[in-house]
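The primary structure of each chain is shown beneath.
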Amino acid sequence: MTRYSLCMTLIAALALSLPAAAIAADAPAIGRVSRLTGEQAGSAQAPGGPARKLAEGAAVYAGERIRTGDGTVLQIEFSDQSRFTLGPNSEFEVTRYRHARGDAEEESFHSRIFKGAFRFVSGLIARTKKRDMRVSVSVATIGIRGTQVEGEVTERREENGRPVDASARVALLEPAQPDDKSAIVVENRFGSVVIDQPGYGTEIPDEKSPPSPVRRMQLRTIDNVLRVIRTPGRMGGPMRRP
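The shown structure was predicted, so the numbers you read here are calculated from the model rather than taken from an experiment.

1. Quick look at the overall build of the protein
Each helix and strand in the protein was counted, giving three helices and 19 strands. The proportion of buried residues among the 242 residues of the protein is 44%. Counting contacts in the protein only where the partners sit at least 6 residues apart, residues at least 24 apart contribute 53% of the total.

2. Thoughts on the nonpolar core
Grouped together as the largest cluster of nonpolar side chains are 40 residues, with contacts concentrated most on I66, F78, F92, I142 and I184. In terms of residue count, the dominant contributor to this core is strand β9 (residues 108-121) (four residues).

3. Some thoughts on the environment of T128
With respect to the element layout, T128 can be found in the loop between β9 and β10 (133-137). Along the backbone, T128 and R145 are 17 residues apart, and their C-alpha atoms lie at a distance of 9.2 Å.

4. Looking at the pairing of strand β6 (residues 73-78)
Among the six residues that make up β6, five are buried, leaving the element largely enclosed by the rest of the structure. With six bridges joining them, strand β1 (residues 31-37) and β6 adopt antiparallel strand pairing. Opposite G31, over in β6, you have F78 as the bridge partner. Across four bridges, β6 lies against strand β7 (residues 83-86) in antiparallel orientation. Among the inter-strand pairings, Q75 is bridged to a residue of β7, identified as T85. Between the end of β6 and the start of β7, which pair antiparallel, lie four residues, with Q81 showing a positive phi angle near 80°.

5. What about the environment of E203?
Take E203: it is sitting in strand β18 (residues 200-204). Relative accessible area serves as the criterion here: at 10%, E203 is assigned to the buried category. A polar contact of 2.8 Å, which involves the side chain of E203, links it to the side chain of R215.

6. Describing the packing of aromatic side chains
Going through the model one piece at a time under the given rule, you end up with eight aromatic pairs. With a centroid separation of 5.8 Å and an interplanar angle of 50°, the aromatic rings of F84 and F109 are classed as tilted. On the criterion of sequence distance, the pair formed by F84 in strand β7 and F109 in strand β9 is long-range, its members being 25 residues apart. Taking the ring centre of F114 as reference, the NZ or CZ of R65 above it sits at 3.6 Å.

Reading the values: the criteria
- Residues numbered from 1 in each chain as written.
- Predicted model: local features only at pLDDT ≥ 70, side-chain atom pairs only at ≥ 80, totals over all residues.
- Heavy atoms only, no water.
- Helix = DSSP H or I, 4+ residues; strand = E, 2+ residues; numbered from the N terminus.
- Buried < 20%, exposed > 50% of the residue type's maximum accessible area, 1.4 Å probe, protein only.
- Contact = heavy atoms within 4.5 Å.
- Core = buried A, V, L, I, M, F, W, Y, C linked by side-chain atoms within 4.5 Å.
- Pairing = 2+ DSSP bridges.
- Polar contact = N/O pair within 3.5 Å; in protein donor to acceptor, adjacent residues only side chain to side chain.
- Phe/Tyr/Trp six-rings, centres within 6.5 Å; stacked < 30°, edge-to-face > 60°.
- Lys NZ or Arg CZ within 6 Å of the ring centre and 35° of its normal.

Everything listed here is a matter of coordinates, which is why it stays silent on function.
Laid out in structure tokens, this is it:
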């Protein structure tokens, strides 16, 4: 092996050994914290790196795990004008983000809610022809067609010595702009539903069930949390559980 080849091999090995946090440090911010309330600060952590506290105005990067504490509500506004609001004790990550600003074919926004109550308002990426925006939850994937959605995700856990599957509930709200299309597709390997009426939603009760038939619903179990997340606005009338 020549000296040049040996140097290149060492450089490549060094790059592969760098922690993900060091590589992510050069990545551009994809959004910023636009709202943070509660006594506990939120935090962000890149894979393999230390956690950092978040404050209003703090930058957010793809690949970071965002966490909120007890009583904390955190809102992130992204460069495409999408907004995600997380309730207390939530975990969230953007797994892929590309806002090309003019190249709609290359735009995409993939994220994941691991647990907790959430609300999102879709932005420019969801309005492109490709509409490559989706939110994964523990038991399904939500395909976005330009809208506002709120819901709750529970993670797999143990209660009274017995395992309990993850679950999720999702409800469609009125669009942020009157002319926006408002619809989502909720799907997993067991089935899928299309929700296109504000005030309606679906539930996935466990990891082995399809999304329930679409119905008008009120998320009673997370109403107190969502009352904190919500801002005044239209919700398509009162939501009720059949």
